Amino acid sequence: VQLQASGGGSVQAGGSLRLSCAASTRTFSSYHMGWFRQAPGKEREFVAAISWSGGATYYADSVKGRFTVSRDNARNTVYLQMNSLKPEDTAVYYCAAEWRPVYDRRWPPADFGSWGQGTQVTVSS
């Protein structure tokens, strides 16, 4: 599946952004979707995930209560609403898809088979 992420930009601390990730597949509703981020010099890390139906969502502790992941299966799109942004949220954000169940609740990037190109989010203090 091909993924196209968008919506990144530059905001001040405390601001909000909404990322979108459009998937080019007729079976989008069969995929679990994830958001990851990678800051310069750091490893790619898990941010949020949502089950194929949207009935279950998961978050990294660092974003819990500030970020919300959602999906619209009719539009083949997954979203990441980011509120109360902090400078440490600055990173390239990637969406990812996987049709097999992901059992590791650490959500390792290697468990996701398809990746988008990434969108830059910069939060200034």
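These numbers come from a predicted model, not from an experiment.

Draft legend 1. Representation of the packing of aromatic side chains in the model. In this structure the tally under the stated criterion is seven aromatic pairs. Taking the centre distance of 5.5 Å and the plane angle of 15° together, the rings of Phe-46 and Trp-107 count as stacked. Here Phe-46 is found in strand β5 (residues 45-50), whereas its partner Trp-107 is found in the loop between β9 (91-98) and β10 (114-115), with 61 residues between them in sequence. Summarising the aromatic geometry, the rings of Trp-107 and Phe-112 are spaced 6.3 Å apart at their centres and angled 40° between planes, so their arrangement reads as tilted. Taking the relative accessible area as the measure of exposure, Trp-107 reaches 5% and is therefore buried. An aromatic cluster is built from Phe-36, Phe-46, Tyr-58, Tyr-94, Trp-107, Phe-112 and Trp-115, whose rings are joined through pairwise contacts. The ring of Phe-28 carries Arg-71 above its face, with NZ or CZ at 4.4 Å from the centroid. The lysine or arginine in question, Arg-105, covers the ring of Tyr-58, its NZ or CZ lying 4.7 Å from the ring centre.

Draft legend 2. Region of interest: the nonpolar core. Core analysis: the biggest nonpolar cluster contains 36 residues, and Met-33, Trp-35, Leu-80, Met-82 and Tyr-93 have the highest contact counts within it. Contributions of two or more residues to this core are made by β1 (2-6), β3 (17-24), β4 (32-38), β5, β7 (67-72), β8 (77-82), β9 and β11 (119-124). In this structure Met-33 touches Leu-3, Cys-21, Phe-28, Ala-48, Ala-49, Ile-50, Arg-71, Val-78, Ala-96, Ala-97 and Phe-112, once residues within four positions along its chain are discounted.

Draft legend 3. Representation of the pairing of β9. When you tally the buried positions in β9, you get seven out of eight residues, the bulk of the element. With three bridges connecting them, β9 and β11 associate as antiparallel partners. The residue of β11 that forms the bridge with Val-92 is Gln-120. Judged from the two bridges that link them, β9 and β10 form a sheet pairing that is antiparallel. The partner of Ala-96 across the bridge, within β10, is Trp-115.

Draft legend 4. Structural detail: the layout of surface pockets. Quantified by volume, the largest pocket comes out at close to 190 Å³. Along its surface, the largest pocket is lined by 13 residues, and Arg-37, Ala-39, Lys-42, Glu-45 and Glu-88 are the ones closest to its centre.

Draft legend 5. Examining the pairing of β7 more closely. Along β7, the buried face is formed by Phe-67, Val-69 and Arg-71; none of Thr-68, Ser-70 and Asp-72, which line the opposite face, is buried. Where β7 meets β8, six bridges bridge the pair, whose relative direction is antiparallel. Following the sheet pairing, Phe-67 is matched in β8 by Met-82.

Draft legend 6. Geometry of the pattern of salt bridges. Within this structure, the stated rule accounts for seven salt bridges. Between Asp-89 and Arg-66 there is a salt bridge whose closest N-O contact spans 2.7 Å. Placement of the pair is Asp-89 in the loop between β8 and β9 and Arg-66 in the loop between β6 (57-59) and β7, with a sequence separation of 23 residues. Taking the shortest distance from any N to any O, the salt bridge between Arg-75 and Asp-72 comes out at 3.3 Å. Taking the relative accessible area as the measure of exposure, Asp-72 reaches 24% and is therefore partly exposed. By sharing partners, the salt bridges in this structure join Arg-37, Glu-45, Arg-66 and Asp-89 into a single network.

Cut-off values and rules
Residues numbered from 1 in each chain as written. Predicted model: local features only at pLDDT ≥ 70, side-chain atom pairs only at ≥ 80, totals over all residues. Heavy atoms only, no water. Phe/Tyr/Trp six-rings, centres within 6.5 Å; stacked < 30°, edge-to-face > 60°. Helix = DSSP H or I, 4+ residues; strand = E, 2+ residues; numbered from the N terminus. Buried < 20%, exposed > 50% of the residue type's maximum accessible area, 1.4 Å probe, protein only. Lys NZ or Arg CZ within 6 Å of the ring centre and 35° of its normal. Core = buried A, V, L, I, M, F, W, Y, C linked by side-chain atoms within 4.5 Å. Contact = heavy atoms within 4.5 Å. Pairing = 2+ DSSP bridges. 1 Å grid on protein atoms, 1.4 Å probe; cavity = no way out; pocket = protein on both sides within 12 Å on 5 of 7 lines; lining within 4 Å. Points joined across faces, edges and corners; volume = space filled by probe spheres on them. Salt bridge = Lys/Arg side-chain N within 4 Å of Asp/Glu carboxyl O.

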